[in-house]
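# Architecture at a glance
The chain contents come next:
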Amino acid sequence: MSRGVLLHMKKSVVVFAFALLFQGCTYAVSRDMAAQADKTITFEMLLADPDTFKGKLLILGGTLSHITNTKEGTLIEVVQKPLDYWGKPKRTDRTGGRFLVRHAGYLDAMIFAPGRDITVAAEVVGTRSKALGEMEYDYPVVVARELKLWERESPSWDKPQWIDPLYDPYSAGRRDW
């Protein structure tokens, strides 16, 4: 191969690598939405008094609990989770509560299934009382401006794990004598 072709191939590889790097390092919602969002309002503040924050744009996220399609659009119940640096819900059992997201269009319940993680840039519109088990729960209600449905996490057995070389799962407490 000529020197020019090799140089062109190296440049192409570098450009491709940077493109992949920047694609993987984008925030969950668009820059415009992230810039407009009020980052001073915590979920705990919203849960305590949603009416105070009517009209405010927030970025919230969590795990889908339930989805209902209606004539007006889709209502999504989300178990709130804290977001990481990129706006993805953290893998934790810690939650501040639940909230409802209204989306103007139809969302397929097989795609937006319970257990999936979601991040939403949404405007606060108030509260709604709804049964949660046998109790009434006051949900903050937001209207979605942008939604980000996250890929399902791979099972943990799919990831490399450290195994103690001295561990024998067949000998623990077992005596054959």
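Every residue gets a number counted from 1 within its own chain, in the order that chain's sequence is written. Where local features are concerned, this predicted model is filtered to residues with pLDDT of at least 70; where side-chain atom pairs are given and counted, the filter is 80 or more; whole-chain, interface and lining totals use all residues. Excluded from the side-chain calculations are hydrogens and water; all other atoms, namely the structure's heavy atoms, are used.

Gaps between atoms show up when a probe of the same size as a water molecule is rolled over them. Only protein atoms enter the calculation, which uses a 1 Å grid: trapped sets of points that fit a 1.4 Å probe without letting it out are cavities, open sets showing protein on both sides within 12 Å along at least five of seven lines are pockets, and any residue with an atom within 4 Å of a point is a lining residue. Grid points are joined across faces, edges and corners, and a volume is the space filled by probe spheres set on the points. In this structure, the largest pocket occupies an estimated 360 Å³ of space. Forming the walls of the largest pocket are 20 residues, and the residues nearest its centre are Ile41, Phe43, Ile59, Leu60 and Leu83. In DSSP terms, a helix is any run of H or I states spanning at least four residues, a strand is any run of E spanning at least two, and both are numbered starting from the N terminus. Every element with two or more residues in the lining of the largest pocket is listed here: helix H3 (43–48) and strand S1 (57–69). Counting residues per element, the lining of the largest pocket draws most heavily on S1, at four residues. Taken together, the residues of the lining of the largest pocket break down into eight nonpolar, six polar and six charged. In this structure, the second largest pocket occupies an estimated 200 Å³ of space. If you go around the second largest pocket, the residues you meet are Thr68, Thr70, Glu72, Gly73, Thr74, Leu75, Arg102, His103, Ala104, Arg128, Lys130 and Val143. For the lining of the second largest pocket, the secondary structure elements donating two or more residues are strand S2 (74–80), strand S3 (98–103) and strand S4 (117–132). Looking at side-chain class alone, the lining of the second largest pocket contains three nonpolar, five polar and four charged residues. Under the scheme applied here, ten amino acids are nonpolar (Ala, Val, Leu, Ile, Met, Phe, Trp, Tyr, Cys and Pro), four are charged (Asp, Glu, Lys and Arg), and all others, including Gly, are polar.

Let's shift gears to the confidence of the model for the protein chain. For every residue, the pLDDT score states the predictor's confidence, bounded by 0 at the bottom and 100 at the top. On average, residues of the protein chain score 84 in pLDDT, and 73% of them are at 70 or above. Two residues qualify as a contact provided that any one of their heavy atoms is within 4.5 Å of a heavy atom in the partner residue. Of the regions scoring below 50 in pLDDT, residues 19–24 engages in zero contacts with residues more than four places distant in sequence or in other chains.

Throughout this description, the term salt bridge denotes a Lys or Arg side-chain nitrogen within 4 Å of a carboxyl oxygen of Asp or Glu. What the rule picks out here adds up to five salt bridges. The salt bridge partner of Asp51 is Lys54, with a shortest N-O separation of 3.9 Å. Note on Asp51: relative accessible area 44%, which makes it partly exposed. Think of it in three bands: residues with accessible area under 20% of the maximum for their type are buried, residues over 50% are exposed, and the middle band is partly exposed, with areas taken using a 1.4 Å probe on protein chains only. Classification of Lys54 as partly exposed rests on a relative accessible area of 49%. Linking Lys130 and Glu77 is a salt bridge whose minimum nitrogen-to-oxygen distance equals 3.3 Å. Of this pair, Lys130 sits in strand S4 while Glu77 sits in strand S2, placing them 53 residues apart in sequence.

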